Amino acid sequence: NDEAQVNALTPTSLYPWIKAHDHSKQKEIADWLTMEIKDFVSYISPSKEEIMARNSVVKTLKQQIKVCWPDAEAHVFGSFATDLYLPGSDIDMVVVSKNGDCENRHKLYQLSSFLRSKKLAKDIEVIAGAKVPIIKFVDPKTNIHLDISFERTNGLDAARRIRKWLETTAGLRELVLVVKQFLRSRKLNNVHVGGLGGYATIILCYHFIKMHPRVSTENMTASENLGTLLIEFFELYGRNFSFDNLVIAFDGKTDSPKYLKKYKYPSLIASRNPFALVVQDPDDPGNNITRSSYNLRDIKKSFGGAFQLLVDRCYYLHSASYKKRIGQSILGDIIKYKGKERDFKDE
Amino acid sequence: IDCSNKARKKQYCRTCDLFNHDDDNCPNIWRSYLLNKQPQQHSLKDVQLPVIYCYNCGDSTHFGDECKEARTSRVPNLSGSAFSGSNLPQQLRKTYFD
Ligand SMILES: [Zn+2]
Ligand SMILES: [Zn+2]
């Protein structure tokens with residue numbers, strides 16, 4: 001029986017999403033990859049218990065911050081607010097007050113000792129001197145990592161925009177989660193060391209889908225073509241896109257994606273190196289979202305490498321015998337999932 | 001001469017009529033889309049070009065694969081990409097290439 005063979009033949013510990021989900025009989029390789037992407041997404045999507053645990057952490061913190069500072073309100077933003085988080089992702093919160101004075105050093109320490117005394121936080125770090133002062137800590141019950149920042153609403157604007165994009169763009173969530181996990185497994189997702197942040201990753205994915213000649217003409221639906229689209233995402237940003245000449249942007253009025261020519265927008269360009277990623281902030285045209293992503297060389301190289309690995313895998317499996325195809329993974333060449341085995345959710 | 005001729009033959013793809021890859025390494029193996037069923041009545045989308053931008057020079061008159069400016073990416077584009085007029089739906093290709 002096929003399933004037993006699958007389990008015997010493959011190192012499912014590295015790509016556990018293919019366990020009991022064999023697509024080797026698909027005639028079209030692109031469909032096989034599309035199905036594997038959907039399996040991967042359902043594998044890494046949080047279970048009901050995980051969702052409930054996260055929600056309850058957030059709910060308690062919101063209430064208790066209100067107790068500590070009655071005139072302030074705590075909100076979530078980032079991947080938690082957009083439902084684009086991977087297992088083990090941090091939760092980002094921001095505290096906004098009427099007086100707008102929560103960011104000062106004294107207040108930061110006030111909140112951190114309050115959270116400690118209420119046993120709502122362990123391993124607390126107060127980073128008061130940074131450009132964006134934050135409190136980092138770990139929830140004692142769930143071990144989820146949290147970051148609280150203060151008085152900055154741009155993360156909330158971004159989350160609102162992303163939720164709107166997700167509602168209107170089938171396939172965006174799947175593409176984003178695969179690219180995020182890819183970047184994470186290459187350690188290129190950390191903006192503090194020049195990597196690509198979550199918001200930038202989402203913009204790259206959304207911009208690419210919207211500009212695609214088959215999607216923009218409504219000739220096909222992105223969610224049914226995730227396999228080809230993933231390869232073409234890596235093709236665009238790993239091989240063809242002119243990082244030297246162009247800015248990734250959206251029209252202020254219509255929100256439709258466009259490219260700007262860098263030389264016409266010198267104020268957006270901070271780096272003297274022309275080979276730099278510039279993504280105009282849709283909520284603040286003077287701001288480059290990726291000004292910290294200085295490691296473009298490795299990001300582009302990794303995208304180009306992913307393109308090559310995926311197409312080589314497609315060519316190999318296309319001409320391989322049926323027997324050799326059983327239990328194989330296409331995605332496994334670019335994404336490994338390490339860590340605790342998760343339960344499959346086929347809901 | 002014989003030798004290079006042989007190599008050239010080996011690299012020929014019958015689907016693309018190109019000499020830079022063979023049948024078993026043809027992008028059409030993975031660049032195959034599941035298309036929507038054609039709408040019954042003609043909509044504007046069937047006759048009007050979508051918003052187009054060039055990934056190389058940024059112009060909105062052509063896709064990157066048809067760019068005449070010098071290519072800035074050092075990775076060569078030998079067999080074409082998704083962002084080409086030939087990747088538009090059939091009924092729009094004539095409008096684009098004219
Ligand atoms: Zn070919
Ligand atoms: Zn051009």
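Scroll up to find the structure this text is about.
Please read these numbers as outputs of a predicted model, since none were measured by experiment.

(A) Inspection of helix α3 (residues 48-68) of chain A at higher detail. All names here are of chain A. In this model α3 runs 30 Å from its N-terminal to its C-terminal C-alpha over 21 residues, within 8% of the 30 Å that 1.5 Å per residue would give. Every buried residue belonging to α3 is among Arg54, Val57, Val58, Leu61, Gln64, Ile65 and Cys68, and all of these are buried. When α3 is viewed along its axis, its buried side chains cluster within an angular range of 140° and face the same direction. Turned more than 90 degrees away from the buried face of α3, the exposed residues are Lys48, Glu49, Met52 and Lys59.

(B) Expanded view of the coordination of the zinc ion (ligand 1). Residue and element names in this part refer to chain B. Distances from the zinc ion (ligand 1) to its protein donors, Cys13 (SG), Cys16 (SG), His21 (NE2) and Cys26 (SG), fall at 2.1 to 2.3 Å. Between the 4 donor atoms coordinating the zinc ion (ligand 1), the angles at the centre fall across 101 to 120°, so the site counts as tetrahedral. Read N to C, the donor residues that coordinate the zinc ion (ligand 1) are spaced as C-x2-C-x4-H-x4-C.

(C) Broad picture of the packing of aromatic side chains. Inspection of every chain in the model, using the stated rule, returns 24 aromatic pairs over all chains. Taking the centre distance of 5.2 Å and the plane angle of 55° together, the rings of A:Phe241 and A:Tyr259 count as tilted. With A:Phe241 in the loop between α10 (226-240) and β6 (246-250) and A:Tyr259 in strand β7 (residues 257-261), this pair connects stretches of sequence that are 18 residues apart. Note on A:Phe241: relative accessible area 1%, which makes it buried. For the pair A:Phe307 and B:Trp30, a centre-to-centre distance of 5.8 Å together with 85° between the ring planes defines the contact as edge-to-face. In this pair, A:Phe307 is assigned in helix α11 (residues 296-319) and B:Trp30 in the loop between α1 (2-10) and α2 (90-97), connecting two distinct chains. Three or more aromatic residues joined by ring pairs make a cluster, and in this case those are A:Phe182, A:Phe208, A:Phe233, A:Phe234, A:Tyr237, A:Phe241, A:Phe243, A:Tyr259, A:Phe275, A:Phe303, B:Tyr53 and B:Phe83. Positioned above the aromatic ring of A:Tyr85 is the side chain of A:Arg54, whose terminal nitrogen or guanidinium carbon lies 4.3 Å from the ring centre. Across from the ring centre of A:Trp69, 4.7 Å away, lies the NZ or CZ of A:Lys107, which sits over that ring.

Here is what the cut-offs are and how they apply
- In this convention, every chain numbers its residues from 1, walking through the sequence in written order.
- The naming scheme follows written order: chains are lettered A onward, ligands numbered 1 onward.
- The predicted nature of this model means local features are confined to residues of pLDDT at least 70 and side-chain atom pairs, given and counted, to a pLDDT of 80 or more, with totals for whole chains, interfaces and linings taken over all residues.
- Just so you know, side-chain values use all the structure's heavy atoms and leave hydrogens and water out.
- Put simply, DSSP marks the helices as runs of H or I at least four residues long and the strands as runs of E at least two long, and each gets a number from the N terminus on.
- Multiplying 1.5 Å by the residue count of a helix minus one yields the expected span of that helix.
- Buried, partly exposed and exposed residues are distinguished by accessible area as a fraction of the type maximum, computed with a 1.4 Å probe on protein chains only: under 20%, between the cut-offs, and over 50%, respectively.
- Of all possible arcs, the one meant is that of the directions from the helix axis to the C-beta atoms.
- Only N, O and S atoms count as donors, using a 2.8 Å cut-off from the metal and 3.2 Å for Na, K and Ca, and because water is excluded some sites may appear unfinished.
- Key to geometry: four donors with every angle between 85 and 135 degrees are tetrahedral; four donors are square planar and six octahedral where opposite donors lie over 155 degrees apart and all remaining angles lie between 65 and 115; all other sites are irregular.
- Here a Phe, Tyr or Trp ring, Trp counted by its six-membered ring, pairs with any other such ring whose centre lies within 6.5 Å, and the pair is stacked when the planes are under 30 degrees apart, edge-to-face when over 60, and tilted otherwise.
- Here, a charge over a ring means that NZ of Lys or CZ of Arg falls within 6 Å of the ring centre while also lying within 35 degrees of the ring normal.

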